[in-house]
Amino acid sequence: MKYFVVFFFLILSATTFSQVSESVQTVTGTIINDNTKFPIANVNIININKVRGTTTGNRGNFELAVSVNDTLHISCIGFQSLKIRVTNDWVKTKTTTIQLTEKAYALEEVIVGRYNLTGYLEVDSKLIPTKENYRYSISGLTEGYEAGEYSPNAFGKVMGSIFNPADALYNFFGKKPTELKRLKEMKKDDTVRNLLETKYDRETIAVLLGVDKKEIAEILERCNYSESFVKTANDLQILDAISSCYEEYKILKRK
């Protein structure tokens with residue numbers, strides 16, 4: 001009987017290991033320009049489901065761990081971003097070719113405004129608007145940035161969000177538990193982290209969190225981040241700000 005039990009657990013372990021091995025596969029691919037058919041280097045590929053990423057080499061090649069039905073977000077400067085689903089045939093053949101389309105840019109008129117100064121310091125100092133910003137730094141970034149938790153009204157806004165069901169912060173945090181639990185995972189992968197640190201368009205964050213870009217600005221406003229921070233911070237700083245606000249929300253909600 002003892003040998004049977006040992007044999008049974010060995011078979012069970014082997015079966016479980018086999019299932020795990022089959023569920024996660026390593027696939028390769030090549031990303032090319034759909035117009036020139038030339039390979040594209042430095043394309044960012046992120047597995048949204050597993051929050052892991054990679055970058056194409058000089059020949060447009062990449063390798064990434066995936067499971068069937070995972071969604072990949074592919075982005076590159078100057079090209080339209082693309083989301084594709086991992087299919088059974090890709091996993092079986094192990095490789096595929098993906099085409100990206102170049103963006104068409106239209107230049108718009110830029111109007112540079114200026115302050116109407118009088119030349120008198122005491123008067124002009126009152127005409128120029130000032131904003132009180134609270135800043136701190138996080139690991140890996142050379143510059144500090146604003147933090148909602150240090151703002152005087154941050155506690156009140158987060159608390160108000162909990163007791164007001166119509167509030168945007170309450171609705172966002174309440175309806176996105178799975179995505180928000182992955183906030184810490186998003187910064188563990190070097191490719192994802194480096195990508196977010198160099199981007200300012202909120203596109204990747206919106207995809208990872210499953211929200212609209214406009215919602216991101218609303219969330220940070222509710223968390224008492226200034227308009228200047230929302231407009232100028234890179235995507236990694238934005239992600240860290242949302243993460244910080246979410247941690248405050250969880251603590252206050254438990255209380």
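Data block above holds the structure.
Basis of the calculations
- Residues numbered from 1 in each chain as written.
- Predicted model: local features only at pLDDT ≥ 70, side-chain atom pairs only at ≥ 80, totals over all residues.
- Heavy atoms only, no water.
- Helix = DSSP H or I, 4+ residues; strand = E, 2+ residues; numbered from the N terminus.
- Contact = heavy atoms within 4.5 Å.
- Areas by Shrake-Rupley, 256 points an atom, 1.4 Å probe, with all protein chains shown as cover.
- Core = buried A, V, L, I, M, F, W, Y, C linked by side-chain atoms within 4.5 Å.
- Buried < 20%, exposed > 50% of the residue type's maximum accessible area, 1.4 Å probe, protein only.
- Pairing = 2+ DSSP bridges.
- Axes fitted to C-alpha atoms, helices over the stretch in contact; angles between N-to-C directions.
- Arc of directions from axis to C-beta.
- Polar contact = N/O pair within 3.5 Å; in protein donor to acceptor, adjacent residues only side chain to side chain.
- Salt bridge = Lys/Arg side-chain N within 4 Å of Asp/Glu carboxyl O.
- Disulfide = S-S within 2.5 Å.

Asks: Provide a residue-level description of the overall build of the protein chain, including the pertinent values.
Replies: Secondary structure summary: the protein chain contains 12 helices and 9 strands in total. Here the contacts in the protein chain between residues at least 6 apart in sequence split such that 59% fall between residues at least 24 apart. With an accessible surface of roughly 16,200 Å², the protein chain has 54% of that area assigned to carbon and sulfur atoms.

Asks: Would you mind going over the nonpolar core in detail, with residue names and values included?
Replies: Judged by nonpolar contacts, the single largest core of 31 residues is most densely connected at F173, L183, L209, I216, L220 and I238. Counting only elements with at least two residues in this core, the list comes to α5 (168-175), α7 (183-186), α8 (190-198), α9 (203-209), α10 (213-222), α11 (227-232) and α12 (235-254). Sorting elements by how many residues they give to this core places α12 first, with 8 residues. Contact partners of I238, with chain neighbours within four places excluded, come to R202, I205, I216, L220, F229, V230 and A233. Membership of the second largest hydrophobic core comes to 18 residues, among which are I84, V86, V91 and I98.

Asks: So what's going on with the pairing of strand β2 (residues 44-47)? Residues and values would help.
Replies: Of the two faces of β2, both are covered, the one formed by N44 and I46 as well as the one formed by I45 and N47. Counted along the chain from β2 to the antiparallel partner strand β3 (residues 52-55), the turn is 4 residues long, and its residue V51 has a positive phi close to 50°. Sheet analysis places β2 next to strand β5 (residues 71-75), joined by 4 bridges and oriented antiparallel. Paired with I45 across the strands is I74, a residue of β5.

Asks: So what about the sheet that holds strand β7 (residues 95-100)? Which residues, and what values?
Replies: Reading across the sheet, the 3 strands line up as β4-β1-β7 and stay open at both edges, with mixed pairing between neighbours. The sheet is open, and its two borders are formed by β4 (61-66) and β7, each paired with just one other strand. Looking at each pair of strands side by side, their axes are set apart by 35° on average, direction ignored. Pairing of strand β1 (residues 25-33) with β4 involves 6 bridges; the strand directions are antiparallel. Each residue of the ladder has a partner; that of V27, found in β4, is L64.

Asks: So what's going on with α10? Which residues, and what values?
Replies: Residues lying three or four places apart along an α-helix face the same way, a consequence of the helix completing one turn every 3.6 residues. Buried residues of α10: I216, I219 and L220, and no others. Seen along its axis, α10 keeps its buried residues to an arc of 90°; they face one direction. Away from its buried face, by an angle of more than 90 degrees, α10 presents the exposed residues K214 and E221. Two or three places before K214, at the opening of α10, D212 has a side-chain oxygen 2.9 Å from that residue's backbone nitrogen. Where α10 ends, the next residue or the one after it, N224, has phi of about 70°, a positive value.

Asks: Which residues make up the pattern of salt bridges, and what values go with them?
Replies: Going through the model one piece at a time under the given rule, you end up with 4 salt bridges. The shortest N-O distance in the salt bridge between K50 and D70 comes to 2.6 Å. Remark: D70 occurs in the loop between β4 and β5 and K50 occurs in the loop between β2 and β3; sequence separation between them is 20 residues. Residue K50 is classed as partly exposed on the basis of its relative accessible area, which comes to 26%. Of the residues examined, D70 reaches a relative accessible area of 7% and is grouped as buried. A salt bridge links D201 to K199; the nearest nitrogen and oxygen atoms lie 3.6 Å apart. On the basis of relative accessibility, which here comes to 30%, the residue D201 falls in the partly exposed class.

Asks: Residues and numbers for unusual backbone geometry, please.
Replies: Within the chain, V51 stands out as a residue other than glycine whose phi angle is a positive 50°. Residue placement: V51 occurs in the loop between β2 and β3. Residue classification places V51 among the buried residues on the basis of a relative accessible area of 1%.

Asks: Break down the environment of T55 for me, citing the residues and quoting the values.
Replies: On the secondary structure map, T55 appears in strand β3. Look at T55 and you get partly exposed, because its relative accessible area is 33%. For the pair T55 and N42, spaced 13 residues apart in sequence, the C-alpha to C-alpha distance is 5.5 Å. Contacts of T55, omitting those with residues within four sequence positions, involve N42, V43, N44, N61, F62 and T191.

Asks: Could you give an account of the state of the cysteines, naming the residues involved and the relevant values?
Replies: Under the definition given, this model contains 1 disulfide. Across a sulfur-sulfur distance of 1.9 Å, C223 and C245 are joined as a disulfide pair. Judged by the sign of its S-S torsion, about -75°, the cystine formed by C223 and C245 is left-handed. Of this pair, C223 sits in the loop between α10 and α11 while C245 sits in helix α12, and the two are 22 residues apart along the sequence.

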